[in-house]
Amino acid sequence: TKNPALLLLMAISAKHPFRAGACTGCPVVWEEWAARGRARLAGRPGPPHVIYISIVGCDRSPFRFYRAKYASELVLQRSTLPVTVVRATQFHALVATVARAATLGPVGFVPRGMLFQPCDHRWVAAEIVDVALGPPPSGYHRAADLAGPERLSLADAAVLGVLDRAGVGVLS
């Protein structure tokens, strides 16, 4: 039988009280959540299908937020809950925001080698819905990474942003 319970976990916002200790606070929060969750779910026929939204490459990134996402994945992996981790790359809107911040008029200040493989947020949402409507895994499962088809440098994204502001409409 299908378990109707579903728990969808996403990113902690910048205003979240645990944000300041992202590297060490998040795993503690996950451990506390797992203990409380198991206690609350003890009387149910089965645990909820946990879907955790994460970031492609978070296991290889030096950035604190990415490391915290990966640490949370590891906590969920060690749990006994049915967990699906869905990793996605940056959405088009984030890349456009970064590109706008890196430009002043027609001039861009972009580091070399910064690459993006942006994807559409609606596509990612549809994939998450498919996971949610499907059967829960018997344990930990990491779904295929979700990434857009094209790789863009920050310089490319900045040029597209300048064109977009000029009314060409390539980023929207």
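This text follows the structure it describes.
In this report, the structure presented in the accompanying data block is examined.

Conventions and cut-offs
Residues numbered from 1 in each chain as written. Predicted model: local features only at pLDDT ≥ 70, side-chain atom pairs only at ≥ 80, totals over all residues. Heavy atoms only, no water. Salt bridge = Lys/Arg side-chain N within 4 Å of Asp/Glu carboxyl O. Buried < 20%, exposed > 50% of the residue type's maximum accessible area, 1.4 Å probe, protein only. Helix = DSSP H or I, 4+ residues; strand = E, 2+ residues; numbered from the N terminus. Polar contact = N/O pair within 3.5 Å; in protein donor to acceptor, adjacent residues only side chain to side chain. Contact = heavy atoms within 4.5 Å. Patch = residues over 30% accessible without salt bridge, like charges linked within 9 Å, V, L, I, M, F, W, Y side chains within 5 Å. Areas by Shrake-Rupley, 256 points an atom, 1.4 Å probe, with all protein chains shown as cover. Pairing = 2+ DSSP bridges. Right-handed = clockwise from strand over helix to strand, strands pointing away. Core = buried A, V, L, I, M, F, W, Y, C linked by side-chain atoms within 4.5 Å.

Our focus in this paragraph is the pattern of salt bridges. This structure, assessed with the given rule, holds 5 salt bridges. When the shortest N-O distance is used, the salt bridge between Arg60 and Asp59 registers 3.6 Å. With a relative accessible area of 65%, Arg60 lands in the exposed category. Residue Asp59 is classed as partly exposed on the basis of its relative accessible area of 33%. The residue Asp145 makes a salt bridge to Arg142 at a minimum N-O spacing of 2.9 Å.

Another aspect to go through is the side chain of Ser79. For Ser79, the position within the fold is in the loop between helix H2 (64-78) and strand E3 (83-88). A polar atom in the side chain of Ser79 sits 3.3 Å from the backbone nitrogen of Leu81.

Tracing the backbone shows Thr84 in strand E3. Classification of Thr84 as buried rests on a relative accessible area of 3%. Within polar-contact distance, the side chain of Thr84 engages the side chain of His49 at 2.7 Å. Once residues lying within four places of it in the same chain are set aside, the contact partners of Thr84 are His49, Val50, Ile51, Tyr52, Val131, Pro137, His141 and Ala143.

On to a nonpolar patch on the surface, then. Side chains of Leu104, Val107 and Phe109 sit close together on the surface and give an oily, nonpolar patch of about 340 Å² of accessible area. One can find Leu104 in strand E4 (residues 103-104). We classify Leu104 as exposed; its relative accessible area is 63%.

It is worth spelling out the pairing of E3 at this point. Burial within E3 is extensive, with 6 of its 6 residues counted as buried. Alternating positions in E3 separate into two faces, Val83, Val85 and Arg87 on one and Thr84, Val86 and Ala88 on the other, with burial throughout. Relative to E3, strand E2 (residues 49-55) runs parallel, the two being bridged by 6 bridges. Paired with Ile55 across the strands is Ala88, a residue of E3. Of the crossover connections in this fold, the one passing from E2 over H2 to the parallel E3 is right-handed. Both E3 and strand E7 (residues 140-142) contribute to a ladder of 3 bridges, which runs parallel. Within E7, the position partnered with Thr84 by the bridge is His141.

Here the focus is the nonpolar core. Judged by nonpolar contacts, Ile51, Ile53, Val86, Ala88, Cys119, Val124, Ile128, Val131, Ala143 and Leu146 together constitute the single largest core of 10 residues. For this core, the elements supplying multiple residues, two or more each, are E2, E3 and helix H4 (121-133). For this core, the leading source of residues is H4, giving 3 residues. Formed by 7 residues, the second largest nonpolar core is a distinct cluster that contains Val95, Ala102, Leu154 and Ala158.

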